[in-house]
Amino acid sequence: MMMLQHGSTQLLCLTASSGVPLFTRGASKQLPFSVIGSLNGVHMFGGGQGVVLSCCETEGGGKVVWRVFQDSVMLIAVGGGGQCDVGGGKEEEVRLQRLLENVWSCMVLVLGQDELTNVRNVERLKRDLRSCFSLIDQLLEENQEGILGNLTHCADSLLPPNPTLLQEAVDGFAQAADSEFSCLTVHGRIAAATEKWWRLAPQEVVLLSALIRSLSASGSASCDYPVFLPQGSPTVAHRLLRFQLLPGADVCVLCGPTPSLHRAESGVVGSFWTPLVETLRDCLAVGERCLPGSVPLRPDVLALLLINRETRRSVSCVRTLANHPPGDPSLPSKSRCWKLLKLFYIFSTTRYFTQEETLCVSPEERAQRGNTEDFVLGLSHQPLQCYLVTEECKSYGLQTPQHQLFLLVPLSVPTFALRTVAIQTLSDIVAATGF
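The present account deals with the structure reproduced in this document. (Residues numbered from 1 in each chain as written. Predicted model: local features only at pLDDT ≥ 70, side-chain atom pairs only at ≥ 80, totals over all residues. Heavy atoms only, no water.)

### Considering the pattern of salt bridges
Thinking step 1. Applying the stated criterion across every chain yields a total of 16 salt bridges.
Thinking step 2. Two residues, Lys 196 and Glu 180, come together in a salt bridge whose shortest N-O distance is 2.9 Å. You can see Lys 196 sitting in helix α8 (residues 195–199) and its partner Glu 180 sitting in the loop between α7 (163–176) and β7 (181–186), a full 16 residues away along the chain.
Thinking step 3. Exposure remark for Lys 196: the relative accessible area of 27% places this residue in the partly exposed category.
Thinking step 4. Here Glu 180 falls in the partly exposed class, since its relative accessible area comes to 47%.
Thinking step 5. When the shortest N-O distance is used, the salt bridge between Glu 392 and Arg 336 registers 2.8 Å. Of the two residues, Glu 392 sits in the loop between β14 (385–389) and β15 (394–399) while Arg 336 sits in helix α12 (residues 334–351), which places them 56 residues apart along the sequence.
Thinking step 6. Residue classification places Arg 336 among the buried positions, given a relative accessible area of 17%. (Salt bridge = Lys/Arg side-chain N within 4 Å of Asp/Glu carboxyl O. Helix = DSSP H or I, 4+ residues; strand = E, 2+ residues; numbered from the N terminus. Buried < 20%, exposed > 50% of the residue type's maximum accessible area, 1.4 Å probe, protein only.)

Below, the structure written as structure tokens:
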């Protein structure tokens, strides 16, 4: 089989019943039609024999995963390898399976479940699916730095210096817009949201954040966009109103027929957010660190991902260490650190830590991933900490009833000190922010 270039991913979407291609996205070099037909054919052959083919590995080290949704749409992800240099090929399989889940939910978010499960005209569906492409391409972006929610299904968050002021503004803005669902995003991460927004399914919060980033990238100052909630309302659309407050800061509200975009923009947005311009600028200044200056991170923390397991929120950052010059060859690059952080997260959660609470794994998904628990079954206890030493850095994972913390540190940090670094980092962040 022809393989994709190293590290690339291609996504194929076909009708489940007839195998008619609906779209392909991903790598610039498209798979030939004969290969697409073979990928569909081998899955159909297995189904005819009572076998569900979910994943296979190619001779070139790539992965192919299949998933059929609602007996209507088949999604196939083809990975070109190069993603599995921490822990082995299981990481790539988990990544691709999570990609398929997100892409299906993205299609439901934009088009609604009825449009996808009751296909009356394939050509029309192909045209309608184009409206999903910008969001799907964002999900396929493997070098997307600072955004891990597509993988963790926890909302990428930014902890602002003045959370109380922003929380009051978001709550008041939602009420004025006849809604209980509103959020403020800064640099594509959630800085504040109403209680009902956080009660949405974790995957819905993540995909709405991705949609907001996509709409923000379009350059429009405001928009009125119909959305379906994949779990909460897959067949009835809501309106997502988005307004740019400052470059990099957007406020959104999920609502019904009222208010109109014009009324919300002219009569509601300014009254709540104009007095907070300086507060918003302070929030923007936090930047990619995602943590306010009041959080004293240790100088030996290269990168971190902290997940609050109760609220399904996460903060993450990659740092330039003060005692290492920029471009120091002894340290992995910034983009490499993000990749290593993702791989270590999958490595830890598929082998040691509990996935279900953090990722809201459905019974169907848990059954499909049964083999990921084989390693854990050999343990007599539930691991709470783990570490990994590679040629590039050292990684440490820590799990508590409320948090999961994943750290990357330089090789110069002694292995026996990793636990102390992790415990102190978690304590410092929680003490300063209450996260």
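Moving on from the coordinates now.
### Brief notes about the pairing of strand β8 (residues 189–193)
Thinking step 1. The element β8 is extensively covered by neighbouring structure, given that 5 of its 5 residues are classed as buried.
Thinking step 2. As paired strands, β7 and β8 are joined by 4 bridges and run antiparallel to one another. When the bridges of β8 are listed, Leu 184 appears paired with Ala 192.
Thinking step 3. In this antiparallel pair of consecutive strands, β7 and β8, the connection spans 2 residues, and His 187 shows a positive phi of 55°. (Pairing = 2+ DSSP bridges.)

### Quick notes on the environment of Lys 196
Thinking step 1. Expressed as a C-alpha distance, the spacing of Lys 196 and Phe 181, which sit 15 residues apart in the sequence, is 5.6 Å.
Thinking step 2. Apart from the residues lying within four places of it in its own chain, the contact partners of Lys 196 are Glu 180 and Phe 181.
Thinking step 3. A distance of 2.9 Å separates the side chain of Lys 196 from the side chain of Glu 180, its partner in a polar contact. (Contact = heavy atoms within 4.5 Å. Polar contact = N/O pair within 3.5 Å; in protein donor to acceptor, adjacent residues only side chain to side chain.)

### Side note on the packing of helix α2 (residues 90–111) against helix α5 (residues 133–140)
Thinking step 1. Interaxial distance between α2 and α5 falls to 10 Å at its minimum, and their mutual angle equals 160°. The pairing of α2 with α5 is recorded here as roughly antiparallel in orientation. Like other packed secondary-structure pairs, α2 and α5 cross with a definite hand, here right-handed. Taken together, the residues of α5 that come into contact with α2 (itself represented by Leu 99, Asn 102, Val 103, Cys 106, Met 107, Leu 109 and Val 110) are Leu 135, Ile 136, Leu 139 and Leu 140.
Thinking step 2. Split by residue class, the contact of α2 with α5 holds 10 nonpolar, 1 polar and no charged. (Axes fitted to C-alpha atoms, helices over the stretch in contact; angles between N-to-C directions. Parallel < 35°, antiparallel > 145°, perpendicular 65-115°, else oblique. Left-handed = near helix turned anticlockwise from the far one by under 90°. Nonpolar A, V, L, I, M, F, W, Y, C, P; charged D, E, K, R; others polar.)

### Brief notes about α2
Thinking step 1. Here α2 is 22 residues long and its end C-alpha atoms lie 32 Å apart, about the 32 Å a rise of 1.5 Å per residue gives.
Thinking step 2. Counting buried positions along α2 yields 22 of 22 residues, so the element is predominantly enclosed.
Thinking step 3. Once α2 finishes, Gly 112 follows within two positions and takes phi at roughly 90°, a positive value. (Expected span 1.5 Å × (residues − 1).)

### What about the side chain of Gln 404?
Thinking step 1. With respect to the element layout, Gln 404 can be found in strand β16 (residues 403–409).
Thinking step 2. Separated by 2.5 Å, the side chains of Gln 404 and Gln 399 make a polar contact.

### As for the packing of aromatic side chains
Thinking step 1. Enumeration according to the criterion identifies 9 aromatic pairs in this entry.
Thinking step 2. Relative to Phe 133, the ring of Phe 23 has its centre 5.4 Å away and its plane inclined at 65°; by these criteria the two rings are edge-to-face. One end of the pair, Phe 23, is in strand β2 (residues 21–26); the other, Phe 133, is in helix α5, with 110 residues separating them in the sequence.
Thinking step 3. Arranged with centres 6.1 Å apart and planes meeting at 80°, the rings of Phe 344 and Phe 406 form a pair that is edge-to-face. (Phe/Tyr/Trp six-rings, centres within 6.5 Å; stacked < 30°, edge-to-face > 60°.)

### Side note on the environment of Asp 171
Thinking step 1. For Asp 171, the location among the structural elements is in helix α7.
Thinking step 2. Looking at Asp 171, the relative accessible area reads 35%, which means it is partly exposed.
Thinking step 3. Measuring from C-alpha to C-alpha, the distance between Asp 171 and Ala 192 comes to 9.2 Å, with 21 residues separating the pair along the chain.

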